[in-house]
Amino acid sequence: MALTIMPKNFILRLMDVRVVITGMGAVTPLGNDMKATWTALKSGASGVNRITKFDAAAFPCRIAGEVKGFDPLRYMNTGEVHKTDPFIQYALAAAIMAAQDAGLKITPHSSLRIGVLVGSGRGGVTTIEKNVAAYLARGHRAVSPFFPPMSLVNMASGYISMKLGAKGPCLDVSTACATGTHAIGEAMKIIERGDADVMIAGGAEAALTPAILAGFCQARALSQRNNEPEKASRPFDRDRDGFVLAEGAGVLILEELRRAEKRGARIYAELAGYGLSSDAYHYTRPDPEGDGPARAMTLALTDAGLGPEDIDYINAHGTSTQSNDRIETLAIKKAFGAHAYKLAVSSTKSMLGHMLGAAGAVEAAVTALALSEGTIPPTINYEHPGPECDLDYVPNRSRKHAINAALSGSLGFGGINAALALKAWQ
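Definitions and limits used
Residues numbered from 1 in each chain as written. Predicted model: local features only at pLDDT ≥ 70, side-chain atom pairs only at ≥ 80, totals over all residues. Heavy atoms only, no water. Helix = DSSP H or I, 4+ residues; strand = E, 2+ residues; numbered from the N terminus. Buried < 20%, exposed > 50% of the residue type's maximum accessible area, 1.4 Å probe, protein only. Areas by Shrake-Rupley, 256 points an atom, 1.4 Å probe, with all protein chains shown as cover. Lys, Arg positive; Asp, Glu negative; His and termini not counted. Charge placed at Lys NZ, Arg CZ, Asp CG, Glu CD. Contact = heavy atoms within 4.5 Å. Phe/Tyr/Trp six-rings, centres within 6.5 Å; stacked < 30°, edge-to-face > 60°. Expected span 1.5 Å × (residues − 1). Core = buried A, V, L, I, M, F, W, Y, C linked by side-chain atoms within 4.5 Å. Pairing = 2+ DSSP bridges. Axes fitted to C-alpha atoms, helices over the stretch in contact; angles between N-to-C directions. Polar contact = N/O pair within 3.5 Å; in protein donor to acceptor, adjacent residues only side chain to side chain.

A. Region of interest: the overall build of the chain. On a plain count of helices and strands, the chain comes out with 14 helices and 14 strands. Based on the C-alpha atoms only, the size of the chain along its principal axes is roughly 60 × 55 × 50 Å. Looking at the chain as a whole, 59% of its 426 residues qualify as buried. Carbon and sulfur atoms make up 55% of the accessible area of the chain, which totals about 17,100 Å². Separation of charge centres in the chain, based on 43 positive and 41 negative side chains, amounts to 4 Å.

Pasting the structure below:
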């Protein structure tokens, strides 16, 4: 087989392309836009409370990070609401807000160079559960004709492209809890290789349903601190007892630097590097040696042209389970060596809960804001340090700190790992 050599101009183009973040939107348990979410995170507020979407009285875990007061009619008409799953509605809302925040104008000419990559870990699971229940109770005529498209994971990207008129690359990724991070990283690479000038990228999840809750309860993965919901998610704390299920969406506008500068866009941060890896170990448990997450972080640094000592802050996956937090801490030490003890590390899941496929996207936006404002959000409920979780987790209060470069990382079922490296924009 002949050796294939990439054309020189292709290699030079890859080296010359830089990607920046020019807009962001979010729907989270702390607010239905990014500004409200960021303000709440800086104040150390919790979005976790008792479940109200359905009767959870019989479940061992009765708490979650619910989206509150969200009105899809702000973004679509009544007919569209009935034809879309909540995860699509959250995704569209976040995408519209991100485009508005970026001042992104999509014209018939520019639309061909603007793409969408918004993933989901579970897709339309709300729609699936409702239609299965209807079928079992009343037969096939009770199933909605919109059930097939409403439940598709790729429909968040598809719907956003239709509503905003973005005709460039349109696809999704679905890598469990690493989905949002992978979506942003892959969208960055689409721009770098010249297939788009702008990507609308992120993750969305609406998996707060009885069946999903039941499954995680049976797996004993969730916190059962039902009498203190706001204290249930406690990443890296000695007494953590599981994660808190949450829902929402996060979407970023990624833009080729020269295009952003030409139109005078505000730039939050540069998206400089992306790394991904697999543990090849177990379908739910992370590798106890932490090699996979460590490699993803190291690859993101290499891709960004950064060394370990260049990083000031890590927005950690930090789920509040015993194994994840211990292994992630070990992975940080492997990737950063002695510099690990000089880093600030925080988990915003302590306030948001775990938004599954949306988590990495919201956390990437939070990391960009931390760089832009010089404020590190805290890890709340960190009360009892453990011997294996001994880094600086920014306990309980946000911290003013100049940040030159940061990482945002995610881990997912199947041993999936991803990391993004971001640089402050001067």
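From this point on, the discussion continues.
B. View of the environment of Thr348. Looking at the element boundaries, Thr348 is found in the loop between strand 10 (344-346) and helix 13 (349-352). In this structure Thr348 comes out as buried when scored by relative accessible area, which is 0%. Sequence separation between Thr348 and Lys400 is 52 residues; the distance between their C-alpha atoms is 16 Å. In this structure Thr348 touches Leu41, Asn315, Glu363, Val366 and Pro377, once residues within four positions along its chain are discounted.

C. View of the packing of aromatic side chains. This model, assessed by the stated rule, comprises six aromatic pairs. On the numbers, 5.1 Å between centres and 80 degrees between planes, the contact of Phe70 with Tyr90 is edge-to-face. Separated by 20 residues along the polypeptide, Phe70 in the loop between strand 3 (63-64) and helix 3 (78-82) and Tyr90 in helix 4 (residues 86-102) bring together distant segments of the chain. Summarising the burial analysis for this pair, Phe70 and Tyr90 share the class buried. Ring plane angle 80 degrees and centroid distance 5.1 Å describe the contact between Phe216 and Phe243, whose orientation is recorded as edge-to-face. Of the two residues, Phe216 is situated in helix 9 (residues 210-218) and Phe243 in the loop between helix 9 and strand 7 (248-256); the sequence distance between them amounts to 27 residues. Considered together, Phe216 and Phe243 belong to a single accessibility category, that of buried residues.

D. Broad picture of helix 5 (residues 125-138). Its 14 residues give helix 5 an end-to-end C-alpha distance of 20 Å, which sits within 8% of 20 Å, the value for a rise of 1.5 Å per residue. Buried residues of helix 5: Val125, Thr126, Thr127, Asn131 and Ala134, and no others. On the buried face of helix 5, the contacting elements are helix 4, helix 6 (147-150) and helix 9. Where helix 5 terminates, the next one or two residues include Gly139, which has phi positive at roughly 95 degrees.

E. Summary view of the nonpolar core. Core analysis: the biggest nonpolar cluster contains 52 residues, and Met24, Ile184 and Leu254 have the highest contact counts within it. Residue contributions to this core peak at 10 residues, all from helix 14 (residues 359-373). With sequence-adjacent residues up to four places away left out, Leu254 is seen in contact with Val19, Val20, Ile21, Ile184, Ala187, Met188, Ile191, Asp197, Val198, Met199, Ala201 and Leu271. In terms of nonpolar packing, the next biggest core, distinct from the first, is built from 35 residues, Phe70, Tyr75, Ala99 and Val198 among them.

F. Structural detail: the sheet that holds strand 13 (residues 405-412). What the 10 strands build is an open sheet, ordered 5-4-6-7-1-8-14-13-9-10; its pairing is mixed. What marks the edges here is a single partner per strand, and that holds for strand 5 (170-171) and strand 10. In the sheet, strand 9 (residues 313-315) pairs with strand 13 via three bridges, with the strands oriented parallel. Within strand 13, the residue paired with Asn315 across the bridge is Ser408. In the packing of helix 12 (residues 322-336) onto the sheet, contacts are made with strand 9, strand 10 and strand 13, and the angle to strand 13 comes to roughly 135 degrees.

G. Spatial organisation of the side chain of Glu205. Of note, Glu205 is situated in strand 6 (residues 198-205). From its side chain, Glu205 meets the backbone nitrogen of Arg122 in a polar contact 2.8 Å long. Excluding residues within four positions of it along the chain, Glu205 makes contact with Phe87, Tyr90, Ser120, Gly121, Arg122, Gly123, Glu247, Gly248, Met355, Leu356, Gly357 and Ala358.

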